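Fold and contact review
Next come the chains, spelled out residue by residue.
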Amino acid sequence: MKNRYVIVLAAGQGTRMKSKLYKVMHPVMGRPMVGHVVQAALDAEVDRVYTVTGVGADLVKDYLQDQSDYLYQDEQLGTAHAVEQGRSLLADKKGTTLVLSGDTPLLQAETIKKLMDFHEKKDAKATILTAQTENPFGYGRVIRTEDGSVHKIVEEKDANTTEKAVQEINTGTYCFDNESLFEVLEKVDNNNAQGEYYLPDVIEILKDRKEIVEAYQLENKDESLGVNDRVALSEAQLIMQARVNEKHMVNGVTIIDPQTTYIEMDVEIGQDTVIEPGTYLKGTTVIGEDVLIGSDSTIIDSQIKDRVTIRQSVLEEAEVKEDSDIGPYSHLRANTVIEEKVHIGNFVEIKNSTISEGSAVGHHSYIGDAEVGSKVNVGAGVVFANYNGKEKFKTTVGSHSFIGSNATLVAPLHLGDKSFVAAGSTIIEDLPKESLGIGRGRQVIKKDFYTNYFENKNED
């Protein structure tokens, strides 16, 4: 097989996006558009990927890192000019070069493979990736000869009535014999209204030279969608959302309502997990088997083990181990570890803490910077006071302890195993194991208070 190279065009500002963010870095289901394109090329097992950057080059490089080599287009003078930036690295190489746009996130690796295979089988100097559409307005039309080969590409403004009726369009993706590409690039001029160097001109020059130019038509035209504005971005999101959800359902995940379920590209989900409507799974989240993700939950960069139940809750960089349940309306923040068979109930917030096996935090409590032992019960309204305005301190609670409702544990603090904290207490000193801590004001009872205060006051 010939050597295969890919040039990804990602230098344009993308003014129609009306955004401070570099166009190709706009995400589609959690991955920047250029990331989708480069990943598809890598999955197609090409030998080398070269990404042409311009405005926003550092942002692209920081994201892609060593997935790609980089070319720099100082001035954006057209697609042919962008490809020309690869001359010093590619011009003397034999093989096939595919030119992709960094704003086509829906193109799949299988399509790239088929396109390159077709191109090489036909021994073509160039092959255009085309699509069939019922509404070709605005696109260049691919005009074929009687034998099916490409006669020319004609732009909308230059097409006659017959040509405008053609529904096969140019997607802007091209396959070239690499040596022929760089030889012909030298012949491309900028004699046009925009004063730019256009890659389709390479096709015209090759045709004039009587070289073989072919066209390969997409099976699914959605893959050709180029994102130039926020409307197209939303279209790409919807298509990718459906594609990702279908993949998980085929692999044994139940998604109750795919239209309201958002699963980003790098999320992994085990078999027999059920995902209810309104769920958003983001980042590098990994979810095990037989998990229930309840409606309106958001899980970001978290690890969820088997048989966990999560209801109407938010998890960020958290880990929940087997047979635990979370929520409703809990918030697990960064560096939270929930061990096996733990119950985290209503309106509980936890951050940078470990809750050990079999413990329960029922409702309306805050736990920060803590280690809670096994089989501990944390009552309602408990606060782990971890911050004094300057520094954060740690609390440890021994196993089999009981923290009464509305208690405040002021860190740094250590409660030994089988400790008890009386409800309503503020604990500021360590408790030895098997002790009871009481830290609350003494109760005062004033008899006949109502009569003495309210009735006498009314007489006045």
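Up top is the structure these notes are about.
How each quantity is defined
- Residues numbered from 1 in each chain as written.
- Predicted model: local features only at pLDDT ≥ 70, side-chain atom pairs only at ≥ 80, totals over all residues.
- Heavy atoms only, no water.
- Helix = DSSP H or I, 4+ residues; strand = E, 2+ residues; numbered from the N terminus.
- Buried < 20%, exposed > 50% of the residue type's maximum accessible area, 1.4 Å probe, protein only.
- Contact = heavy atoms within 4.5 Å.
- Expected span 1.5 Å × (residues − 1).

So, about the side chain of N245. By the element assignment, N245 lies in helix α9 (residues 230–250). With a relative accessible area of 1%, N245 lands in the buried category. Excluding its chain neighbours within four sequence positions, the residues that come into contact with N245 are I255, P258, T261 and I263.

Quick look at α9 now. Between the first and last C-alpha of α9 there are 30 Å, a value that for 21 residues agrees with the 30 Å anticipated at 1.5 Å per step. Residues of α9 that are buried include every one of A232, L233, A236, M240, Q241, V244, N245 and H248, and no others. Buried residues along α9 sit against β2 (27–28), α1 (33–43), β12 (254–255), β13 (262–263) and β14 (268–269). G252 lies just past α9 and shows a positive phi near 105°.

This paragraph deals with the environment of A41. Topologically, A41 is positioned in helix α1. A41 gets classed as buried once you look at its relative accessible area, which sits at 0%. In this structure, the C-alpha to C-alpha distance between A41 and Q108, residues 67 residues apart in sequence, is 8.2 Å. Leave out the neighbours within four places in its chain, and A41 touches V6, V46, V49 and I112.

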